[in-house]
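Structural overview
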Amino acid sequence: MNVLVTGGLGYIGSHTCVQMIEAGITTVIIDNLSNSNPEVLNRIESITGIRPRFFEGDIRSERFLDSVFSQIRIHSVIHFAGLKAVGESVAKPIEYYDNNVNGTLVLLRAMRKSGLKSIIFSSSATVYGDPETVPITESSPTGNTTNPYGTSKWMVERCLQDLLASDPAWSITLLRYFNPVGAHTSGLMGEDPKGIPNNLMPFITQVAVGRREKLSVFGDDYPTPDGTGVRDYIHVMDLADGHIAALREVSKREGLHVFNLGTGKGTSVLEMLSAFSESCGHPVPYQICPRRPGDIAECWASTAKAEKELNWKATRNVADMTRDSWRWQSENPDGYEKK
């Protein structure tokens, strides 16, 4: 099976490519390198012994996509390519809708033209907005999003569902991630955002390694046990394994398939900070700041459906997440850049 991975050199995409290759799946990567590094391709090869075929280009270019599809017979697409920072999306909504929504529409047109009708979409728990109750199930209401990033993910989900209604021959899988963290156990691959990190774990690791002065904790007055936001953090390798399970179980089956990928447990920002301090062996400096626009108090998953239908569940805990994150950052203090 040949699987095209858009955004395959990004954080989640690269770890998923490693797991796919280890599982014997032929992996083809496209990436525009806007928030990734070509060195990742070398790291994938170092870990797996196989260098996947790579095309540099943007999913918003239909000509580029047509060229890829004309060269290789693809059986399914895993669509990661997208901008993904809540705070940045509030400041740059047009860029988010252009990349995430328009980019997906261009991809779908190219797929339809080539006769390819199987897609696994990298969605997000942000489509649930500020949930009335937790844990969140796949049938919880969606669309009441609190930021342009989440809205862009919800809009793509709607586009995909409307496409399926028009042509039931499609296989459409929506994987709603909770909060991916961690790194490959080899220490060769991890999260390496360009510029100032927008997500919690890479900011913590960069403070711990000395690249940044202190962590900003946005809000300590939420209605949670310690006042900081509570999220369902999932190890990126568990998340990667969830994609393998989706490929095997539902990617060849027509219809709509929706799954939460999380651990089913909530961890606060301060709890994660404490766990990381234990893993790296020293306290991580932080300061309390005002809440960020678009953030919510708490969010964690019900994972029962994925466990039953995909035969998948997360197996790595917070200690694994922080230990692997620290191994990656301490062994690669400047990320993938060679200094």
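Rules behind the numbers
- Within any chain, residue numbers begin from 1 and follow the written order of that chain's sequence.
- Only residues with pLDDT of 70 or above have their local features reported here, since the model is predicted, and side-chain atom pairs are shown and tallied only from 80 upward, although totals for entire chains, interfaces and linings are computed over all residues.
- Neither water nor hydrogens contribute to the side-chain values; these are computed over all heavy atoms in the structure.
- By definition, a salt bridge exists where a carboxyl oxygen of Asp or Glu is found within 4 Å of a side-chain nitrogen of Lys or Arg.
- Only DSSP runs of H or I reaching four residues or more are called helices, and only runs of E reaching two or more are called strands; each is numbered from the N terminus.
- Residue exposure (1.4 Å probe, protein chains only): buried if accessible area is under 20% of the type maximum, exposed if over 50%, otherwise partly exposed.
- Aromatic pairs are defined between Phe, Tyr and Trp rings, using the six-membered ring for Trp, whenever the two ring centres lie within 6.5 Å; interplanar angles under 30 degrees are classed as stacked, those over 60 as edge-to-face, and all others as tilted.
- In this scheme, the term charge over a ring applies when either NZ of a lysine or CZ of an arginine sits within 6 Å of the ring centre and within 35 degrees of the ring normal.
- Two strands pair under a simple rule: DSSP has to find at least two bridges between them.
- Think of each axis as a best-fit line through the C-alpha atoms, taken over the contacting stretch in the case of a helix, with angles from 0 to 180 degrees between the N-to-C directions.
- What makes two residues a contact is simply this: any of their non-hydrogen atoms within 4.5 Å.
- To form a nonpolar core, buried Ala, Val, Leu, Ile, Met, Phe, Trp, Tyr and Cys residues must be joined to one another through side-chain atoms within 4.5 Å.

1. Comments concerning the pattern of salt bridges
Here the idea is simple: oppositely charged side chains can pair when their charged atoms come close. Counting across every chain of the model gives 17 salt bridges. Across the salt bridge formed by R109 and E62, the nearest N and O atoms sit 3.2 Å from each other. Residue R109 is found in helix α5 (residues 93-114), and its partner E62 is found in helix α3 (residues 62-71); the two are separated by 47 residues along the sequence. Residue R109 is classed as partly exposed on the basis of its relative accessible area, which comes to 36%. Since its relative accessible area comes to 22%, E62 is described here as partly exposed. Note that R292 is salt-bridged to D295, the shortest N-O span being 2.9 Å. A relative accessible area of 22% means that D295 is categorised as partly exposed.

2. A short note on the packing of aromatic side chains
Across all of its chains, the model carries 2 aromatic pairs by this definition. Consider the rings of W328 and Y336, whose centres lie 4.8 Å apart with planes at 50 degrees: the pair is tilted. Residue class for Y336 comes out buried when judged on its relative accessible area of 6%. Between R212 and the ring centre of F203, over which it is positioned, the NZ or CZ distance is 5.9 Å. Sitting above the plane of the F259 ring, K305 keeps its charged end 5.0 Å from the centroid.

3. As for the sheet that holds strand β4 (residues 76-79)
With respect to topology, 7 strands assemble into an open sheet ordered β3-β2-β1-β4-β5-β6-β11, the strand pairing being parallel. The two strands at the open ends of the sheet, each matched to only one other strand, are β3 (53-56) and β11 (255-261). Averaged over neighbouring strand pairs, the angle between their axes works out to 20 degrees when direction is ignored. Where strand β6 (residues 171-177) and β11 come together, 7 bridges link them in parallel fashion. Among the inter-strand pairings, L175 is bridged to a residue of β11, identified as F259. Packing against the sheet, helix α6 (residues 148-166) makes contact with β5 (118-124), β6 and β11, and its axis sits at approximately 155 degrees to β5.

4. Considerations on the nonpolar core
Note that soluble globular proteins tend to have their nonpolar side chains buried in a common cluster. Grouped together as the largest cluster of nonpolar side chains are 40 residues, with contacts concentrated most on M20, I44, L261 and W312. Mapped onto this core, the elements with two or more residues apiece are β1 (2-6), α1 (11-22), α2 (39-48), β6, α8 (236-249) and β11. It is α8 that contributes the most residues to this core, 7 residues altogether. Discounting residues that sit within four places of it in the chain, M20 has contacts with V3, V5, I25, T27, I78, I244 and L247. Ranked by size, the runner-up nonpolar core spans 30 residues in total, among them L4, F69, L116 and I119.

5. Here's the deal with the environment of K313
Tracing the sequence through the fold places K313 in the loop between α10 (304-309) and α11 (318-331). C-alpha of K313 to C-alpha of E132: the two residues are 181 residues apart in sequence and 24 Å apart in space. Residues contacting K313, with those up to four places away along its chain left out, are D238 and E307.

Distances and angles like these do not, on their own, reveal function.
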